[in-house]
Structures are given as C-alpha cells and as structure tokens.
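# Architecture at a glance
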Amino acid sequence: MSLTAVSVSTIAGSISPKVPAAAFTNAHAGAAAASPGAAARIAAWPLAAEAITVRYGRRNAVDGVSLSLPEGAVYALLGRNGAGKSSLVRCLLGQQRATAGRALLFGRDAWRHRATLMAQVGVVPEQPDAPPGVTARQLARLCRPLYPCWDGSGFEARLRRFDVPADRPFGRLSKGQQGHVALALALAPHPRLLILDDPTLGLDAVARRAFFEELIGDLADRGTTVLLTTHDLAAVERIADRAGILAGGRLLLDEEIERLKQRFRHIWLPSPTPGADAALDALSPRGRVRRNWRVETLVENFDEERFQAFQASPSGAGAEASPLTLEEIFVALTGEGSRQLAPGAEGDPR
Amino acid sequence: MNATFRIDASDPRPIWRQIEESVRNLVASGALPPSASVPSVRELARGLAVNPATVAKAYQRLADAGVLAVRRGDGTFVAAAPPAITGEQRGERLRTEALRYASFAATLGASLEEAAAALAATWRDLARPPGDREDEAGPARKGGPT
C-alpha cells in the first residue's frame, strides 16, 4: 500500500480480501487441520502462536494458546493481570522460549530468528525504557542502523504532532511523552507488524488519545498488522477488529469483536413471575440470576426470535434485552462469579 | 463535515453501520448537500478514534448505494444526486430512535407530556446557531440507553 494518503477505494480494496471470520476462528484446530495448504498459509501470516505453553515450576502461565493474525488485522489480547499476556508476548517477540509449542512471525520461528525478524517488527514495551540522559533524536540515531529502512522525517513529524521536544533527555520527559517517543521509534522503520504491550498504561486521557490517533493514521497509510495488549477496553472496542481473552493462561475466546457484541445480551425482567426462571432457561442463559428487585441474566448466544417468543409469553412480559459493551463482556467472562459462566453451570440464585 | 456525529459503544449496531447511517441521515437531512466534500477515511477514522478499515467499510457501502462518490486522487464527495431515503425507511429510523428515548423516559417515570416537552425544548435548542447551544450532539442521535 502506498505511503501517502490513501483514497477510500484503496483502503476498501485492502479490506475485502480479508479472511472471513470462520477461516481463522480456531484456525489450528479447524481450518488449518482440514487442509495442509491452509495450514501453510496461516503459518506465513504476520503472527501465529502454535499451542504455546509456558511453564514456571509446576504452574502453566500460558497453557496451549493458539492464535493467528492475518495481514492487516488489529488484534487485542485481553486478560486480567497475571492471565499470561506478558509471557505470551515475550514468546512472540522471541525473548523467551516456550516450554512447548512455538511462535511464528511471518512463518519463521521467533525464538530462533529473533535478530532478523525484529527488523520487521515495531515494538512498544510495557515500560518504555531508555538511558535517562539520551534524547529522542539521539535514540533515533541509535536505532536507525538496526533496520533496513528508517523514516527519519516521519519520526520528527510524529514528535512534533505529539509535542515532544526532540532534544530533551528521555529521563526528563513525562510518562506520556516517553510513550509517544516509543511509538514514534516503533513506527519509523515502517514495520509490517506492530506489537504494543499495554502501551497506554499510566497515560492520561489526552496522551492516550494522541497515541491512538497516531496509530490510526499509520493503519490508514500502511495497513499495518497490530497485536495489542491493553486494559483500555473502550479504545479496543473502536480500534481492534478481533479480540482474544486470556484467563489462567488459556484463551477463553478468540473472536471478531462485532460478532462478540452481537451474541451477548443482558436480559432484564422487571417483575419476576413464578414461572420466569423456567421460561428464561429457554434462552439458555449463562450466568447469574439476581432476585433483588428484578431478574437479570446474561445470554451468551442471543437469538432475536427466541427472545421475542419469550417476551410474548406470560412470564416474559416487560423483558428487555440490552447489549453489552466490550468491557461488560470482559468483566462477565473474567470477573468474580465468572466461574458460573462455565458451560453447563447453573445460574446461581441469590 | 459541518454536522458531527458520535459513535456509541452501547449501541448494538456495529460501528461501521453507525457511521453509514449517520452519513445517510446527514445527506438525507441536507446537512451534507449534493457534491459536498466528506472527510477522508484517514481523517474521519482519526476524528472518531476508530479503525480506518471500519470507516472504509461504511464509505464503501455508501459508495455502492450511490450516496457517496469517490473521485480518485480527489477525495470523496456526496453524490450529485444521492438517492433519497423512502418515507418508509425514514419512518422506520425515527421509530427506532424514538423507542430508545421513550424507554429511557419511561424508566424515569416521565409522562408522555414531559418527555415530549423535553424533546421539543432540545429541538428548539438545536435550531439555534452553534455556540449558543448547550449540547453539540448532532440531530441524528437522541435519547439514552434503554
């Protein structure tokens, strides 16, 4: 894709050939296993984790995680602290060897080919770190020889847009400015893949907004593939097209955000009747049923027709179905009480 | 774009559809007149803080429907003669948004008269010149979550 401003048609053209959701849901278990050709294609995608396990002592920090990103994907890897995100990201960056499984970048083993692969990957680490006395401009000069291409004027332009003084020592920049320098450095070599590890942690709302605007500009100009870990779910909802949720080292789900939001609903019942619970069961609710002043339940595979039938039944009168934000879905799946969401679990009357 | 719109995370519609319908509404209402220039994908994506692919999808659908016209190298414009939305579509969209507002007002225990008066007051406020308003929300979206 051209580096200059891109017209609508070029962008749209780069989107339509995107792999349909079904082709990369559980790619390794499903589509890939079905045909060796598909497996080879997925293996050459910008990023693929193949059944990665990381064991510390007797504990699996990452437990058989497989996921893959086609060209141009913006993937959000979500999880509570300690869910295994950092260990997984270290494997993907070739900084850590998986106990089992492997990480592939552009089809090559991230651990064995780290040095060559990292020249094609832009990284914004969790804690941007640089010698405190070195300025942003000096950092760029240090990084430049490590990459086959380096967009020096783009780097300077980004610093100006971020309002970061290029000649101020790194140690005297604010946390937000340090994050902005890290992004400007990561984008300067025009990487095909960006790995952003909680890049906006500790940034204020204005700095965060500037960070994402710059990232969005790069997506528009170059169609960069992005893996992002973050707790900023409102931003993820707008920017990522797919999300994976890690809990206890396992990937709870790996799905397009649009589809995820389509299938989750909160169902509210204003005045529960004696038969309401049984009637709600017809919607296969997953999760808590509260009996305070009304009944609330979570439906994981919402079906409009079944819900309308429920509304028309005597026990469903006045029922409302409200969509969930990504944050609400995340809390429902990983927060307290989420064990009741395990398949087959009964709703827990309180 | 003179009139702005917002993306609502609690809206069950996908973001590309929210963008598509907001632009359609702005065109239908005349806020975006025929042949008017619309922001580039890059510009609108940055403005709304959404993935450019999402904006591109909305624009592509609008171009396919003849609402927008893409002139290569020149940008994106409202079509010279954009298709008018039918009375039926218009009524349907108004009812959808009215349902949101009505449900919200009902949870507050507002009467029909109260709800209608609040709507009328907001309507008059929007008709005032910009800068004189209390709320900058576009005419496309009203009401709150149900």
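Let me sum up the structure you'll find in this document. The structure displayed is predicted, hence computed values, not measured ones. The numbers attached to residues start from 1 for each chain and follow its sequence in the written order. Working convention: letters from A go to chains and numbers from 1 go to ligands, in the order in which they are written. For this predicted model, a pLDDT threshold of at least 70 governs which residues receive local features, and a threshold of 80 or more governs which side-chain atom pairs are given and counted, while totals over whole chains, interfaces and linings are taken from all residues. Hydrogens and water molecules were not included; the side-chain quantities draw on all heavy atoms of the structure.

## Quick word on the pattern of salt bridges
All names here are of chain A. A pair is scored as a salt bridge if a Lys or Arg side-chain nitrogen falls within 4 Å of a carboxyl oxygen belonging to Asp or Glu. This structure, assessed with the given rule, holds 27 salt bridges over all chains. Among the ionic pairs, glutamate 214 bridges to arginine 158, the shortest N-O distance being 3.1 Å. Placement of the pair is glutamate 214 in helix α10 (residues 205–222) and arginine 158 in helix α8 (residues 152–162), with a sequence separation of 56 residues. For each residue, the accessible area found with a 1.4 Å probe, counting protein chains only, is set against the maximum for its type, and the residue is called buried under 20%, exposed over 50%, and partly exposed in between. On the basis of relative accessible area, glutamate 214 is assigned to the buried category, the value being 3%. Here glutamate 255 ties to arginine 263 by a salt bridge, and the two come within 2.7 Å at their closest N and O atoms. Assigned by exposure class, glutamate 255 and arginine 263 land together as buried. Members of the salt-bridge network, linked through shared partners, are Arg158, Arg161, Glu214, Asp218 and Arg222. Secondary structure is summarised from DSSP: a helix means a run of H or I of at least four residues, a strand means a run of E of at least two, and numbering begins at the N terminus for each.

## Examining the packing of aromatic side chains
For this analysis, a ring pair means two rings from Phe, Tyr or Trp (six-membered ring only for Trp) whose centres lie within 6.5 Å, classed as stacked if their planes differ by under 30 degrees, edge-to-face if by over 60, and tilted for the remaining angles. Scanning all chains against the criterion turns up 5 aromatic pairs over all chains. Measuring from ring centre to ring centre gives 6.4 Å for phenylalanine 307 of chain A and phenylalanine 310 of chain A, while their planes differ by 40°; the resulting arrangement is tilted. Residue phenylalanine 307 of chain A and its partner phenylalanine 310 of chain A are both found in helix α14 (residues 304–312); the two are separated by 3 residues, about one turn of the helix. On the accessibility criterion, phenylalanine 307 of chain A (3% relative accessible area) is buried. For phenylalanine 310 of chain A, a relative accessible area of 4% translates into the label buried. An aromatic cluster is built from Tyr147, Trp150 and Phe155 of chain A, whose rings are joined through pairwise contacts. Here arginine 71 of chain B stacks its cationic end above the ring of phenylalanine 77 of chain B, 3.8 Å away from the centre of that ring. Definition used: whenever NZ (Lys) or CZ (Arg) falls within 6 Å of the ring centre and also within 35 degrees of the ring normal, the charge is taken to sit over that ring.

## Brief notes about the sheet that holds strand β3 (residues 74–79) of chain A
Residue and element names in this part refer to chain A. Following DSSP output, two strands are said to pair if at least two bridges run between them. With respect to topology, 6 strands assemble into an open sheet ordered β6-β7-β8-β3-β9-β10, the strand pairing being mixed. Either end of the sheet is taken by a strand with one partner, and the two such strands are β6 (121–124) and β10 (250–256). Ignoring which end each strand starts from, the neighbouring axes of this sheet average 15° apart. Bridging between β3 and strand β9 (residues 242–247) involves 5 bridges; their strand directions are parallel. Pairing of tyrosine 75 across the sheet is with arginine 242, part of β9. We call two residues in contact whenever any of their non-hydrogen atoms come within 4.5 Å of each other. Under this scheme, a helix contributes an axis fitted over its contacting stretch, all axes are lines through C-alpha atoms, and angles between N-to-C directions fall in the 0 to 180 degree range. Packed onto the sheet, helix α5 (residues 85–92) meets β3, β7 (193–197), β8 (225–229) and β9 and runs at close to 140° relative to β3. Contacts from helix α9 (residues 175–187) reach β6 and β7 within the one sheet, and its direction differs from that of β6 by about 175°.

These results come straight from atomic positions and should not be treated as a statement about function.
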